[in-house]
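If you want the building blocks of each chain, they are given just below.
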Amino acid sequence: MDTNEEIGLTQMRKSVENLGSSTDGYGEQTLMRFLIARSMDPQKAAKMFSQWQKWRAEMVPIGYISDSEVADELEAKKIYLQGLSKNGHPVMIVKVNKHFSSKDQVQFKKFVVHLLDKTIASAFRGREIGNEKLIGILDLQNITYSNVDARGLITGFQFLQAYYPERLATCYLLHMPQFFVTVWRFVCRFLEKATQEKIRIVRSEEEREEFIREVGEDVLPEEYGGRAKIVLLQDVAVNY
């Protein structure tokens, strides 16, 4: 850690205290994610961190969202968790053709937290370091208009931006149909530039080969060019 980062962390801790919160129990790697997300501005990072603490206390009072709280969303069997990529990032796959807009937005938001928390926790080796990142794969193959959920997509990305800063390594979009392009452009209006830069739309064979190479054949399911079997989110056990 260089001098500027150390100074930034010191100033951020003081700013958090001035806001009536505390950084006790949080390591440097966790705090650095908030600093990076706010372009190394200690005051802005402190505000983001304090808002995150308040949000976690309200949304996840016991530290995690149980399967029973999101049973309806899990029943769709649309999320898969594949293990770690070549760079050590947990790989989460969303089969969008199994998703339909939720009538229960409270449960849907809890589900977003559940899948993000579980995906990140699957990267822990004993205990959380604080800088773990994830790879997301949105598979749009065979989707119809009934699967289109712009609000759900925006919610997912906004949660990542506001409450999981610097947790996204890369998000790949596969098999995007032409009719979805307009939807995606609309969603992008709600995404920060830093988020958009981490999103890769895989179109050509060359891009597909690069996607397989970057993620790794050992964790990618066979249908995506890998050698692994696909694994449902609820079939993976983690320690939070």
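Position numbers for residues start from 1 in each chain and track the written sequence from start to end. At least 70 in pLDDT is required for a residue's local features to be given in this predicted model, at least 80 for side-chain atom pairs to be given and counted, and no such filter applies to totals for whole chains, interfaces and linings, which use all residues. Calculated side-chain values reflect all of the structure's heavy atoms, with hydrogen atoms and water omitted.

Here's the deal with the pattern of salt bridges
Phase 1: Each reported salt bridge corresponds to a side-chain nitrogen of Lys or Arg within 4 Å of a carboxyl oxygen of Asp or Glu. Across all of its chains, the model carries 15 salt bridges by this definition.
Phase 2: The partner of Lys95 in a salt bridge is Asp139, with the nearest N and O atoms 3.8 Å apart. Taken together, the residues span a long stretch of sequence, with Lys95 in strand β2 (residues 90-95) and Asp139 in strand β3 (residues 134-139) at a distance of 44 residues. Each member of the pair, Lys95 as well as Asp139, is classed as buried.
Phase 3: Two residues, Lys95 and Glu223, come together in a salt bridge whose shortest N-O distance is 2.7 Å. Here Lys95, found in strand β2, pairs with Glu223, found in the segment after α9 (205-215); they are 128 residues apart in sequence, far enough to count as distant.
Phase 4: When accessible area is computed with a 1.4 Å probe and restricted to protein chains, residues below 20% of their type maximum are described as buried, those above 50% as exposed, and intermediate ones as partly exposed. With a relative accessible area of 12%, Lys95 lands in the buried category.
Phase 5: Connected through salt bridges with shared partners, the residues Lys95, Asp139 and Glu223 form a single ionic network. The secondary structure listing takes helices from DSSP runs of H or I that are at least 4 residues long and strands from runs of E that are at least 2 residues long, numbered from the N terminus.

Structural notes on helix α6 (residues 150-163)
Phase 1: Its 14 residues place the ends of α6 19 Å apart at the C-alpha level, agreeing with the 20 Å of an ideal helix rising 1.5 Å per residue.
Phase 2: Summarising burial for α6: ten of the 14 residues are buried, a large majority.
Phase 3: When we look at burial in α6, the residues that qualify are Ala150, Gly152, Leu153, Ile154, Thr155, Gly156, Phe157, Phe159, Leu160 and Gln161. Between the first and last residue of a helix there are one fewer steps than residues, each counted as 1.5 Å, and that sum is the expected span.

Considerations on the UniProt feature "domain: CRAL-TRIO" (unreviewed entry) in the protein chain
Phase 1: UniProt positions are given in the numbering used here, feature names are shortened, and annotations may be inferred rather than shown by experiment. With numbering aligned to this structure, UniProt lists the feature "domain: CRAL-TRIO" (unreviewed entry) at residues 67-232.
Phase 2: Annotation note: span residues 67-232, helix share 36%, strand share 17%, distance between end C-alpha atoms 13 Å.

Considerations on the pairing of β2
Phase 1: The element β2 is extensively covered by neighbouring structure, given that six of its six residues are classed as buried.
Phase 2: Here the rule is simple: two strands pair whenever DSSP picks up at least two bridges between them. Note that strand β1 (residues 79-84) and β2 share four bridges and pair antiparallel. Considered in β2, the bridge of Tyr80 is made with Ile93.
Phase 3: Taken together, β1 and the strand that follows it, β2, pair antiparallel across an intervening segment of five residues, in which Gly88 is found at a positive phi of about 85 degrees.
Phase 4: Of the strand pairs in this sheet, β2 and β3 are connected by five bridges, and their pairing is parallel. Bridging from a neighbouring strand, Val91 pairs with Ile135 of β3.

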